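# Coordinate analysis (summary)
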Amino acid sequence: TGNLYRPRGKAGPFPGILNPHGHWQKGRLEHQPLASIRARCITFARMGMVAFSYDMVGYNDSLQVPAHRFVSLRGSLWGFTSLALQTWNSIRAIDFLQSLDDVDPQRIGCTGASGGGTQTFMVTAVEPRIKVAAPVNMISAHMQGGCVCENAPGLRTETYNVEIAALAAPRPMFIVSATGDWTVNTPTVEYPAIRSIYELYGAGDKVATAQVQAEHNYNAESRQYMYRWFARWFLGDERLGIGAERDFIVEPDERMRVFPVGKLPAGTIRGFALEKAFKDGVQRRLDALLPSTSEKLEYLRKVTKTRLMHVLGATWPQPDTIIAEVGEIVQAEAWREQPVALGRKGGNDRVPGTLYLPPGHSPTRMILAVHGTGREGLRDGFGGPGETIRALLDAGFGVLALDLFYIGAIPKEAAARNDHDWFWATFNPPLLGQRVQDILTALAYLSRCEGSTSLALVGLGEGGPWSLLAAALSPLSCAVCVDLQAIPPEWDSVYLGSLYAPLLRAYGDLRVAAALIAPRPLLLGNTAHRFPLTWSRAAYQVVGASGKLSEKPGPLTVRSLLSWL
C-alpha cells in the first residue's frame, strides 16, 4: 500500500524511485521540517521521475500484521519476520514499478532515512535491479537499527551494516549522515570502509558522502544532496537536482490513504492467518525438494547443507585446523582415561572432553558419545564411566565424551545468553549451532587419530537431535545413532527450547537432516513412531541403501546400541 507520484507534462519512460519511509510518526504521510516523504516524492516527480512511497509493515494502510514491532519466535523458525516482510514488499514494489508503461525498468533507485535507510541498503544488497541508492542517516559501525524491522535472527552473525551496505558496489550510492545521531562518524569511519570496497571494483567515483549539522533526519538539506545524486546518474545532469524542491499543496491524510477508515477488503488474511499462509508457502517449497532421483538428492544435499551452515553458524573444520590439548593417560582398574580439550585455529572455542580407552591396547574403533548433560550424563555416581561407556569399552571401543558449549562448568565471567531475545539472535549464532560445531570439531579430531579404522557418532538424551544435525553437515562416512526422545519433529514447539535456531524449520529441520546422512548407517532411536521417515526413506532408497536405515520406536538401551554397532 502506498502513493504513486508521476511527472506531469513530460514524456517518459522515467526512472522509478522506491521510497521506504522509516519510523516517522505518520509513516509515508510524514511532512514536517525534520523529514518529509511527501516533499521527496513530489520533487522526484517534478524532476522527471516516478516515485513510489510505500508502507513499512503496520503503518498507515499496511494492516495485515498486528503491529509494526511484532515479534514471533515461532514465525522466525520459518523466516516470518517484519524485516523479511518489508524487504519482500520492497522487492514486489520493484516489480510494480517495472510493470508501469511510463517507468524505465533499467533505471530503478531507492532512498530512505532511519528505518527507511536500513531498508534501502538491505533491499539494494539483495536486488540487482536497484541501480542507484541513497541510504540516509543509518549506516553505522556501532548502531545497527533499534527496531525489530531492522533486525532478524542471524542477520549480522559475523557481519554488520557497513559490510551489508557495501554489497551495493559497484552501483552508485550516496551516503548521507548527521552530526546529531549514530552516523556522526560516517565521514571518517564507515564511508572510507565502504569506499575501499568500491575501489576494488575501480568504482571509487560511484560512492560519495555528505554530512549535515542536524539531529536524526531526512530534512531539506539532506534531500538536496540526494536529488543531485539521482539527477547525475538517472537524468545525466547533476545540476537538475539543484533547487529542485519547491512548495506544494499538502493534501489531507485521508485523501492519501488507501483504506481511510482502516477497513481492509473482504477476504484479506491478517495476523495469525498471514503467518500460517507464509509457513504453508515455505512448506510447499520445501516439500518440492523431496528426493526421487540421485540428482535430486545431490541438489537437496547441496542446498540444505549450505542453508544449515548459515542457520547454525557451523561448518566442517579441516582436520589440520584442529587444536588438541591432551593430558596424561590415567590407568584405572578396568579402563584408561585421558583429558582432552579441542578447538579450532582462529575459532575461539574450547571443548573439554574425556577419552576412555580399553585396558592394555589402543582401539581401532572409536565412538564420539554426545549426551545432553555432557560428560556427567555418561558417568556413574563415583565419577567413573557409566553403564553405556563401560559396555562400549568391554566391546573394544574407544569413547570420547564431551561437554558441549554451555554444558558442564561455565566460567563465572561468561556472558549471560538470551537466545530468544530478537537482538541477541541478530548478532549471535544460536546455542544449538555452537553445540553442533563442537560435535563437528570432535569428529574432525577423531578422524585423524592414528590406528582408528572406524568411527561412530552416538547422541543420547538431548544430544540426539544435536548429533543428527552435526552428522548432516559432516562429510565422514561414520555410522550415526541418535536418541530422538519421542519428539514430534513436525511441531514448532519442539524447536523453541534447546533446538531453537531461526529458519531451521524452513530449511528442513530434523527430518531433512536425517535424509542428508544417506547412505551412512543410521539408527533413529526412541522415536515412539512420532518421527516421520518420509525424507530419510526416500534418500536411502535413492542411493540403494535402505538396509542401512533403522528405526527403534522404544528407548535406546545399551544392548540395542551394541547390537546395532
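Reading the values: the criteria
Residues numbered from 1 in each chain as written. Predicted model: local features only at pLDDT ≥ 70, side-chain atom pairs only at ≥ 80, totals over all residues. Heavy atoms only, no water. Buried < 20%, exposed > 50% of the residue type's maximum accessible area, 1.4 Å probe, protein only. Helix = DSSP H or I, 4+ residues; strand = E, 2+ residues; numbered from the N terminus. Right-handed = clockwise from strand over helix to strand, strands pointing away. Pairing = 2+ DSSP bridges. Polar contact = N/O pair within 3.5 Å; in protein donor to acceptor, adjacent residues only side chain to side chain. Axes fitted to C-alpha atoms, helices over the stretch in contact; angles between N-to-C directions. Parallel < 35°, antiparallel > 145°, perpendicular 65-115°, else oblique. Left-handed = near helix turned anticlockwise from the far one by under 90°. Contact = heavy atoms within 4.5 Å. Core = buried A, V, L, I, M, F, W, Y, C linked by side-chain atoms within 4.5 Å. Salt bridge = Lys/Arg side-chain N within 4 Å of Asp/Glu carboxyl O.

With that out of the way, let us pick up the pairing of strand S14 (residues 365-371). Counting buried residues along S14, 6 of its 7 residues qualify, which places the element largely inside the surrounding structure. At this point the chain moves from S14, through helix H11 (residues 387-394), to the parallel strand S15 (residues 397-402), and the crossover so formed is right-handed. In terms of strand pairing, S14 meets strand S16 (residues 454-460) through 7 bridges, oriented parallel. The residue of S16 that forms the bridge with Ala369 is Val458.

A few words on unusual backbone geometry. Most peptide bonds take the trans form, and the phi angle of most residues other than glycine is negative. Of note, the amide linkage connecting Gly12 to Pro13 takes the cis form, showing an omega dihedral of 5 degrees. Considering the arrangement of structural elements, one finds Pro13 in the loop between strand S1 (2-5) and strand S2 (14-20). In this chain, Ala169 is followed by Pro170 through a cis amide linkage whose omega measures 5 degrees. Summarising the element assignment, Pro170 is placed in the loop between helix H5 (161-166) and strand S8 (173-180). You will see that Ala486, though not glycine, has its phi angle at about 60 degrees, which is positive.

A few words now on the side chain of Asn60. Mapped onto the fold, Asn60 is located in the loop between strand S5 (50-54) and helix H2 (73-76). By relative accessible area, which is 17% here, Asn60 ends up buried. At 3.4 Å, the side chain of Asn60 forms a polar contact with the backbone oxygen of Lys26. One polar contact links the side chain of Asn60 to the main-chain amide nitrogen of Arg28, over a distance of 3.3 Å.

The subject of this paragraph is the environment of Ala220. With respect to the helices and strands, the residue Ala220 is situated in helix H7 (residues 220-235). Residue classification places Ala220 among the partly exposed residues on the basis of a relative accessible area of 38%. When the C-alpha atoms of Ala220 and Pro519 are compared, they prove to be 64 Å apart, with 299 residues separating the residues in sequence.

On to the packing of helix H10 (residues 294-312) against helix H15 (residues 509-516), then. Two elements in contact, H10 and H15, have axes whose closest approach is 10 Å; the angle formed by their N-to-C orientations is 125 degrees. By the angle class used here, H10 and H15 are oblique. For the element pair H10 and H15, the recorded crossing hand is left-handed. Two secondary-structure elements touch here, H10 through Leu297, Leu300, Arg301, Thr304, Lys305 and Leu308 and H15 through Val512, Ala515 and Leu516.

If you look at the biggest cluster of nonpolar residues, it comprises 73 residues, and the most contacted ones within it are Leu368, Leu400 and Leu468. The element contributing the most residues to this core is helix H13 (residues 431-447), with 9 residues. Excluding anything up to four places from it in sequence, Leu400 contacts Val340, Leu342, Thr354, Leu355, Ile367, Leu368, Ala369, Ala442, Tyr445 and Leu446. Residues Trp24, Phe44, Ala208 and Phe234 belong to the second largest nonpolar core, which totals 30 residues.

The next subject is the environment of Ser292. For Ser292, the location among the structural elements is in the loop between helix H9 (272-287) and H10. The spatial distance from the C-alpha of Ser292 to the C-alpha of Gly115 is 44 Å, given a sequence separation of 177 residues. For Ser292, the side chain forms a polar contact with the side chain of Lys296, separated by 3.5 Å.

What follows deals with the pattern of salt bridges. Within this structure, the stated rule accounts for 28 salt bridges. With a closest N to O distance of 2.9 Å, Arg375 and Asp403 form a salt bridge. A residue pair is termed long-range when its members are at least 10 positions apart, and Arg375 in the loop between S14 and H11 and Asp403 in the loop between S15 and helix H12 (422-427) qualify at 28 residues. One exposure class covers both Arg375 and Asp403, and it is buried. The salt bridge partner of Glu376 is Arg379, with a shortest N-O separation of 3.5 Å. Linked through salt bridges whose partners overlap, the residues forming this network are Lys279, Glu490, Asp492, Arg505, Asp509 and Arg511.

That is the geometry; function is a separate question.
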